[in-house]
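Survey of secondary and tertiary structure
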Amino acid sequence: MSDLVTGEDGRARCAWAGSDPEYTRYHDEEWGTPLHGDRPLYEKLTLEGFQAGLSWITILRKRPAFRAAFSGFEPEIVAAFDEGDIERLMGDAGIVRNRAKIEAAISNAKIVVAMDEGELDALMWSFAPAPTSRRPASFAEVPATTPESEAASKTLRKRGFRFVGPTTLYALMQSAGMVDDHVAGCWRA
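One structure accompanies this document, and this report is about it. Note that this is a predicted model, so its numbers are computed, not measured. (Residues numbered from 1 in each chain as written. Predicted model: local features only at pLDDT ≥ 70, side-chain atom pairs only at ≥ 80, totals over all residues. Heavy atoms only, no water.)

1. So, the overall build of the chain
- Each helix and strand counted, the chain has 9 helices and 2 strands in total.
- From first element to last, N terminus to C terminus, the chain shows the α and β order β-β-α-α-α-α-α-α-α-α-α.
- Along the first, second and third principal axes, the C-alpha set of the chain runs to 50 × 35 × 25 Å.
- A burial count over the chain gives 45% of its 189 residues as buried.
- A separation threshold of at least 6 residues defines the contact pool for the chain, and within that pool the share at least 24 residues apart is 66%.
- When the accessible area of the chain is evaluated, it comes to approximately 9000 Å², of which 53% is carbon and sulfur surface.
- Both charge centroids of the chain, one from 22 positive and one from 28 negative side chains, sit 3 Å from each other. (Helix = DSSP H or I, 4+ residues; strand = E, 2+ residues; numbered from the N terminus. Buried < 20%, exposed > 50% of the residue type's maximum accessible area, 1.4 Å probe, protein only. Contact = heavy atoms within 4.5 Å. Areas by Shrake-Rupley, 256 points an atom, 1.4 Å probe, with all protein chains shown as cover. Lys, Arg positive; Asp, Glu negative; His and termini not counted. Charge placed at Lys NZ, Arg CZ, Asp CG, Glu CD.)

2. Points about the pattern of salt bridges
- For the structure on display, the rule yields 16 salt bridges.
- Note that E103 is salt-bridged to R99, the shortest N-O span being 3.8 Å. Here E103 pairs with R99, and both are found in helix 6 (residues 99–114), just 4 residues apart, close to one helical turn.
- Its relative accessible area of 30% is what places E103 among the partly exposed residues.
- Linked by salt bridges that have partners in common, E22, R25, E29, E30 and R63 make up one network. (Salt bridge = Lys/Arg side-chain N within 4 Å of Asp/Glu carboxyl O.)

3. Points about the nonpolar core
- If you look at the biggest cluster of nonpolar residues, it comprises 46 residues, and the most contacted ones within it are F66, F70 and F161.
- When near neighbours in sequence (up to four residues on either side) are disregarded, F161 contacts L45, N108, I111, V112, M115, L120 and L156. (Core = buried A, V, L, I, M, F, W, Y, C linked by side-chain atoms within 4.5 Å.)

4. Some thoughts on the layout of surface pockets
- In this structure, the largest pocket spans a volume of roughly 420 Å³.
- In terms of lining residues, the largest pocket is bounded by 18 residues, among which W31, E48, W56, A171 and Q174 are the most central.
- Elements that contribute at least two residues to the lining of the largest pocket include exactly helix 1 (21–29), helix 2 (38–51) and helix 9 (166–175).
- Element by element, the count of residues in the lining of the largest pocket is highest for helix 9, at 6 residues.
- Considered class by class, the residues forming the lining of the largest pocket number 11 nonpolar, 5 polar and 2 charged.
- Roughly 330 Å³ of internal volume is contained in the second largest pocket.
- Along the wall of the second largest pocket there are 18 residues; nearest its centre are P129, A130, T132, V179 and D180.
- Residue composition of the lining of the second largest pocket, grouped by class: 9 nonpolar, 3 polar and 6 charged. (1 Å grid on protein atoms, 1.4 Å probe; cavity = no way out; pocket = protein on both sides within 12 Å on 5 of 7 lines; lining within 4 Å. Points joined across faces, edges and corners; volume = space filled by probe spheres on them. Nonpolar A, V, L, I, M, F, W, Y, C, P; charged D, E, K, R; others polar.)

5. Focus on the state of the cysteines
- In the structure shown here, the tally under the stated rule is 0 disulfides.
- There is no disulfide at C14, and the cysteine sulfur nearest it, in C186, is 3.9 Å away.
- For C14, a relative accessible area of 0% translates into the label buried.
- A relative accessible area of 4% places C186 in the buried class. (Disulfide = S-S within 2.5 Å.)

6. Points about the packing of aromatic side chains
- Applying the stated criterion across every chain, the model contains 10 aromatic pairs.
- Plain terms: the ring middles of Y42 and F73 are 6.1 Å apart, the flat faces sit at 65° to each other, and that makes the pair edge-to-face. Separated by 31 residues along the polypeptide, Y42 in helix 2 and F73 in the loop between helix 3 (56–69) and helix 4 (75–79) bring together distant segments of the chain. Judged on exposure class, the residue Y42 and its partner F73 are both buried.
- Both rings, one in F70 and one in F73, keep their centres 5.6 Å apart while their planes meet at 5°; by these two values the pair is stacked. (Phe/Tyr/Trp six-rings, centres within 6.5 Å; stacked < 30°, edge-to-face > 60°.)

7. Describing the packing of helix 2 against helix 6
- Taken N-terminus to C-terminus, the directions of helix 2 and helix 6 make an angle of 155°; their axes are 10 Å apart at the nearest point. Taken together, the axes of helix 2 and helix 6 lie roughly antiparallel to each other. Relative to helix 6, helix 2 is oriented so that their crossing is right-handed. Contacts from Y42, T46, G49, F50 and Q51 in helix 2 reach K101, I102, A105, I106, N108, A109 and V112 in helix 6.
- Classifying every residue of the contact of helix 2 with helix 6 gives 7 nonpolar, 4 polar and 1 charged. (Axes fitted to C-alpha atoms, helices over the stretch in contact; angles between N-to-C directions. Parallel < 35°, antiparallel > 145°, perpendicular 65-115°, else oblique. Left-handed = near helix turned anticlockwise from the far one by under 90°.)

Below is the structure:
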């Protein structure tokens, strides 16, 4: 597979964006764009955790249902979810129905609520490596984890966060623009 694909609009993109309109939109408008704020980063952290073992397109397609089911990912609301909410979520075919991941989303929300405002944002961005102008020449150069994602995982786990392994956190770092892994030649590069 080539590392780039040219869309109907004539733009060269990272090949993973493919021809699926949702992936293309996500690539063009979100992936690699700096994301700040406790609520948006909590949402991203939660969705990346739900993605573990699945394809990201599955999560993207279910994201509207996730947002509805998790009250817009407002940490204060999710932190108050109880067993009834867990059962409601387990019955919601619009989301990924995995009890451990649902319970982690609620537990993680409680941790975020206990933090000072802006603390999650500052913590997550403290692991962003120094910006570089060098783009990966191919997908083969894009790692699954980095020392920064491993350190972030270790720190978040010490604070009690769950479903925050180094691969999950590197995917978050990519999607939240903490690193730029658009391959050379991509119009976003």
